[in-house]
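# Structural features, examined
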Amino acid sequence: MKISIMTLFPDMCETVLNESIIGRARKKELFEVECVNIRDFAGNKHNRVDHILYGGGMGMLMQAEPIYQCYKHIEEKSDAKPYVIYMSPQGKTFNQDKAKELLQKEYLVFLCGHYEGVDERVIEEIVDEEISIGDFVVTGGELPALMVCDCVLRMCDGVLSDDVCFEEESHFNGLLEYPQYTRPPEWHGKEVPEVLLSGHHANIEDWRFKMSLERTKEKRPDMFEKFKEEHPELLEPKKRRKPVRVKDRGMPKPQIKEE
């Protein structure tokens with residue numbers, strides 16, 4: 001997979017993309033990401049890329065031509081036509097299903113707006129889809145774009161040690177993730193559920209599924225109702241739950257005891 005981010009703040013994006021799991025995967029060249037400065041295509045000595053709004057109004061608007069020239073520069077280097085996403089509060093709200101859909105694209109380009117946004121004409125000219133990360137407004141599209149990139153790139157082959165690392169997380173299979181614990185087995189008077197110390201993997205899987213259901217029903221009833229409609233067979237007693245995959249993570253069979 002390849003991703004290009006069209007932005008006024010490439011250093012900001014590079015800082016995030018070079019850190020943690022995504023940064024390590026990037027160094028291993030498991031995917032390709034570049035941050036392209038729109039100001040490099042301003043075409044004037046002051047590298048100005050914005051201007052006042054026609055019709056009046058507060059703030060400045062990013063001009064169409066620098067964005068378009070930045071896009072053409074990216075497109076000319078690619079064999080395939082990039083799929084262009086504009087990060088916008090007017091777009092459809094991003095979710096895990098959308099992330100899985102974007103993972104199938106060969107080349108993604110993110111357009112990050114700033115100030116009052118971008119000239120509508122360039123959106124009509126180059127953008128394939130508008131995406132929002134929620135019903136709120138931030139100062140620019142960089143942080144939303146980086147969030148989408150992180151969500152998509154962590155599912156690329158080899159980025160995480162195993163697909164189960166993201167397949168068991170909240171939202172991937174339509175449920176919130178079950179509670180998780182690590183050492184010590186008792187902390188501030190709160191004990192790890194006994195089933196997790198038993199080494200009985202079938203019972204652990206059943207417990208995790210049950211807790212995912214309970215947590216989703218309590219915290220996200222909308223998700224629970226959708227899951228119930230789509231997978232009624234999984235809610236039947238003693239029904240085998242094949243779609244809910246839980247792998248052996250090397251949990252010790254004997255009960256853990258602290259010295």
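Residues numbered from 1 in each chain as written. Predicted model: local features only at pLDDT ≥ 70, side-chain atom pairs only at ≥ 80, totals over all residues. Heavy atoms only, no water.

## Considerations on the overall build of the protein chain
The secondary structure content of the protein chain amounts to nine helices and nine strands. Counting only contacts in the protein chain whose residues sit at least 6 apart along the sequence, the fraction spanning at least 24 positions is 74%. If you sum the accessible surface of the protein chain, you get close to 15800 Å²; carbon and sulfur atoms cover 48% of it. (Helix = DSSP H or I, 4+ residues; strand = E, 2+ residues; numbered from the N terminus. Contact = heavy atoms within 4.5 Å. Areas by Shrake-Rupley, 256 points an atom, 1.4 Å probe, with all protein chains shown as cover.)

## Some thoughts on the packing of helix α1 (residues 10-17) against helix α6 (residues 142-153)
One way to put it is that α1 packs onto α6 with a least axis distance of 11 Å and a crossing angle of 30°. For the element pair α1 / α6, the angle class is roughly parallel. As for the relative orientation of α1 and α6, their crossing is right-handed in sense. Along the contact surface, α1 presents M12, C13, V16 and L17, while α6 presents E142, L143 and L146. Class assignment for the residues of the contact of α1 with α6 results in six nonpolar, no polar and one charged. (Axes fitted to C-alpha atoms, helices over the stretch in contact; angles between N-to-C directions. Parallel < 35°, antiparallel > 145°, perpendicular 65-115°, else oblique. Left-handed = near helix turned anticlockwise from the far one by under 90°. Nonpolar A, V, L, I, M, F, W, Y, C, P; charged D, E, K, R; others polar.)

## Details of the nonpolar core
Within the largest apolar cluster, 29 residues are counted, with the highest numbers of intra-cluster contacts made by I3, I5, I85, L102, F110 and L153. Elements that contribute at least two residues to this core include exactly β1 (2-7), α1, α2 (20-27), β2 (32-37), β5 (83-93), α4 (96-103), β6 (107-111) and α6. With seven residues, the top contributor of residues to this core is α6. Sequence-distant contacts of I3, defined by excluding residues within four places in its chain, comprise E32, V33, E34, Y107, L108, F110, C149 and L153. (Core = buried A, V, L, I, M, F, W, Y, C linked by side-chain atoms within 4.5 Å. Buried < 20%, exposed > 50% of the residue type's maximum accessible area, 1.4 Å probe, protein only.)

## Topic: the pattern of salt bridges
In total, this model carries 12 salt bridges according to the counting rule given. We note a salt bridge from E32 to K2, for which the minimum N-O separation is 3.7 Å. In this pair, E32 is assigned in strand β2 and K2 in strand β1, connecting sequence segments 30 residues apart. In this structure, E34 and K77 form a salt bridge, with 3.2 Å as the shortest nitrogen-oxygen distance. On the criterion of sequence distance, the pair formed by E34 in strand β2 and K77 in the loop between α3 (64-76) and β5 is long-range, its members being 43 residues apart. Given the relative accessible area of 17%, E34 is considered buried. On the basis of relative accessibility, which here comes to 44%, the residue K77 falls in the partly exposed class. One network of salt bridges, with partners in common, ties together K98, E101 and E129. (Salt bridge = Lys/Arg side-chain N within 4 Å of Asp/Glu carboxyl O.)

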